[in-house]
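# What the coordinates show
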Amino acid sequence: MQLLKKPLISIANDHLINYPTPINVHYAWNFGFLASMCLIIQIITGIFLAMHYTPHVDLAFTSLEHIMRDVNYGWLLRYTHANGASMFFIVVYIHMFRGLYFGSYTKPRHIVWVIGVVILLIMILTAFIGYVLPWGQMSLWGATVITNLVSAIPIIGDNLVYWLWGGFSVDNATLNRFYSFHYLFPFIIAALSLVHLALLHQDGSGNPLGVESSVDKISMYPYFIVKDVLGLAILYFFFAVFVYFYPNVLGHSDNYIEANPMVTPAHIVPEWYFLPFYAILRSIPHKLGGVIAMVSAIAILGLLPWLHSTEIRSSRFRPLYRFFYYSIVSCCLILGWIGGMPVEEPYVLIGQIASLYYFAYFLVILPLLGLLEKFLLEFK
């Protein structure tokens, strides 16, 4: 038992073994653990891939082919890392939508939620610069389009783009610095994830009822670790189907063509997990307005604790909110579909309506619903 008194062992024991967990927590609470497993997989596979990757415009594409063909199990590393990004985003998006459904963003866990939104933002940056590294057609032109958005900033925009590129176009300097940041950001995400977890454990986990349960709690091990392991097994099976049978289905075929600055792809689209934000960007004809809208679409999530205007947290007791919750889920799916469509009618109009509803939900519908529910409670 002396071993448990050692600082690191004691901390692990407090947070992973004896941590008091609400007795009614179900499988929807698995996704935070699954996200941490996805992050570990990405870091490990990324380190091994970095050993064989060459961040140079003349060699990057060839080095990937070398990894796929000559490195022992290089194909497995590459496909695990590429599809692992998609699995990571699937898990994190479900984790966030669970938080929306059960009101996990309310006090006293509001700082936990804000840290989570910061993690999502860094994840998006990490995935974007990682998509540039294979140096295929979509990598080059995706980087050109997205980095050019910085030029929308008044006065200093053009100079910022040149500074970001390290020259007058997306070239070797850009690839080098993107490689460096792609290696660094996952460790920042890991550090923020530890802060996220520590803050959560400071006030305790929420539960499906949305009430404070300081009495009905049991230790995490073995009761909830078993649930986490089952969720992990299901995730790995789902993950393995993509890695072994459909490794390229979530990517773009143009990225198997080496980057050529003289040939522009017919339809430039980002990875699927960026599509809702890309649709919001394209829905506004003005360049600066589109950039502001896209950034605001992520930032507005961090304001949720202050936009929530009722003491009721869980949507189990909010039937009207439950309807609007499913409407915002549908809206995000529509935005994802629109993001992959050409910029033409009727997709432009549908994207604009969906974008308008996205912001109206958070800025208008959510606060008004809370005030209405508060009024009905007082009226009763």
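Calculation rules
- Residues numbered from 1 in each chain as written.
- Predicted model: local features only at pLDDT ≥ 70, side-chain atom pairs only at ≥ 80, totals over all residues.
- Heavy atoms only, no water.
- Phe/Tyr/Trp six-rings, centres within 6.5 Å; stacked < 30°, edge-to-face > 60°.
- Helix = DSSP H or I, 4+ residues; strand = E, 2+ residues; numbered from the N terminus.
- Buried < 20%, exposed > 50% of the residue type's maximum accessible area, 1.4 Å probe, protein only.
- Domains from an automatic or database assignment.
- Contact = heavy atoms within 4.5 Å.
- Buried area = accessible area lost by both parts, 1.4 Å probe.
- Salt bridge = Lys/Arg side-chain N within 4 Å of Asp/Glu carboxyl O.
- Polar contact = N/O pair within 3.5 Å; in protein donor to acceptor, adjacent residues only side chain to side chain.
- UniProt positions renumbered as here; feature names shortened; annotations may be inferred.
- Core = buried A, V, L, I, M, F, W, Y, C linked by side-chain atoms within 4.5 Å.
- Lys, Arg positive; Asp, Glu negative; His and termini not counted.
- Expected span 1.5 Å × (residues − 1).
- Bend = angle between axes of the 7 residues up to and from the residue.
- Axes fitted to C-alpha atoms, helices over the stretch in contact; angles between N-to-C directions.
- Parallel < 35°, antiparallel > 145°, perpendicular 65-115°, else oblique.
- Nonpolar A, V, L, I, M, F, W, Y, C, P; charged D, E, K, R; others polar.
- pLDDT = per-residue confidence, 0-100.

For the coordinates displayed, the defined rule picks out 25 aromatic pairs. A centroid spacing of 5.0 Å and a plane angle of 45° characterise the contact between Trp-29 and Phe-102, whose relative ring orientation is tilted. Placement of the pair is Trp-29 in the loop between strand 1 (20-22) and helix 2 (31-50) and Phe-102 in helix 4 (residues 74-102), with a sequence separation of 73 residues. Overall, the relative accessible area of 15% leaves Trp-29 in the buried class.

Domain boundaries assigned for the protein chain yield domain 1 (17-262) and domain 2 (269-379). Distance between the C-alpha centres of domain 1 and domain 2: 22 Å. Contacts between domain 1 and domain 2 engage 42 residues on the former and 31 residues on the latter. Each partner contributes to the roughly 3,300 Å² buried at the junction of domain 1 and domain 2, and carbon and sulfur atoms together form 69% of this total. If you sort the residues of domain 1 by the area they bury against domain 2, Tyr-101, Tyr-105 and Leu-149 come out on top, with a joint share of 20%. Linking domain 1 with domain 2 are zero salt bridges, by the criterion used here. Counting across the domain 1 and domain 2 interface gives eight residue pairs in polar contact (both at pLDDT 80 or more). Secondary-structure elements contributing two or more residues to the side of domain 1 that touches domain 2 are helix 4, helix 5 (110-132) and helix 6 (137-148).

Taken from the UniProt record, the annotation "binding site: a ubiquinone" (unreviewed entry) applies to His-201. Of note, His-201 is situated in helix 8 (residues 172-203).

A few words now on the nonpolar core. With 104 residues, the main nonpolar core has Phe-89, Trp-135, Tyr-358 and Phe-362 as its most contacted residues. For this core, the leading source of residues is helix 5, giving 13 residues. Looking at which domains feed residues into this core, each of domain 1 (17-262) and domain 2 (269-379) gives three or more.

A full pass over the atoms with the stated rule returns one salt bridge. Linking Glu-65 and Arg-69 is a salt bridge whose minimum nitrogen-to-oxygen distance equals 3.0 Å. Pair noted here: Glu-65 and Arg-69 are both in helix 3 (residues 60-69), with a separation of four residues, about one helical turn. On the basis of relative accessible area, Arg-69 is assigned to the exposed category, the value being 65%.

What follows is about the side chain of Asp-228. Tracing the chain through its elements places Asp-228 in helix 9 (residues 223-245). This buried residue, Asp-228, is left without a salt bridge; Lys-227 holds the nearest opposite charge, at 8.7 Å.

What follows is about helix 4. Taking 1.5 Å as the rise per residue, helix 4 with 29 residues should run 42 Å; its terminal C-alpha atoms sit 41 Å apart, in good agreement. Of all the bends in helix 4, the greatest, near 30°, is centred on Gly-84. Where burial is concerned, most of helix 4 is hidden: 21 out of the 29 residues are buried. Two residues or fewer past helix 4, Gly-103 is found with a positive phi of approximately 65°.

A few words now on the side chain of Thr-144. Structurally, the position occupied by Thr-144 is in helix 6. Judged by its relative accessible area of 19%, Thr-144 is buried. Those residues in contact with Thr-144 that sit more than four places away from it in its chain are Trp-165 and Val-170.

Let us look at the packing of helix 7 (residues 157-165) against helix 8. Relative orientation of the contacting elements helix 7 and helix 8 amounts to 75°, with a least axis distance of 7 Å. The orientation of helix 7 relative to helix 8 falls into the category roughly perpendicular. Within the contact between the two elements, helix 7 uses Trp-163, Leu-164 and Trp-165 and helix 8 uses Ala-173, Thr-174 and Arg-177. Taken together, the residues of the contact of helix 7 with helix 8 break down into four nonpolar, one polar and one charged.

Attention now moves to the environment of Leu-100. As for its placement among the helices and strands, Leu-100 is situated in helix 4. The buried category is assigned to Leu-100, whose relative accessible area is 5%. In sequence terms Leu-100 and Ser-315 are 215 residues apart; their C-alpha atoms lie 8.7 Å from each other. If we skip the residues at most four places from it in the chain, Leu-100 touches Tyr-105, Trp-113, Leu-304, Tyr-321, Tyr-325 and Phe-362.

Let's shift gears to the confidence of the model for the protein chain. Per-residue confidence for the protein chain gives a mean pLDDT of 88; residues scoring 70 or more make up 95%. At the level of individual helices and strands, the protein chain shows its lowest average pLDDT in helix 1 (residues 7-17), which scores 67, and its highest in helix 2, which scores 95.

Moving on, we come to helix 6. With twelve residues, helix 6 should cover 16 Å at 1.5 Å per step; its first-to-last C-alpha distance of 17 Å lies within 8% of that length. Within helix 6, nine of the twelve residues are buried, which leaves it mostly tucked inside the rest of the structure. Of all the residues in helix 6, the buried ones are Gln-137, Met-138, Ser-139, Leu-140, Trp-141, Gly-142, Ala-143, Thr-144 and Thr-147. Along its buried surface, helix 6 packs onto helix 5, helix 7 and helix 8.

Mapping Phe-317 onto the fold places it in the loop between helix 12 (304-307) and helix 13 (319-339). With 107 residues separating them in the primary sequence, Phe-317 and Gly-210 have C-alpha atoms 9.3 Å apart. Ignoring sequence-local partners within four residues, the contact set of Phe-317 consists of Leu-209 and Ile-312.

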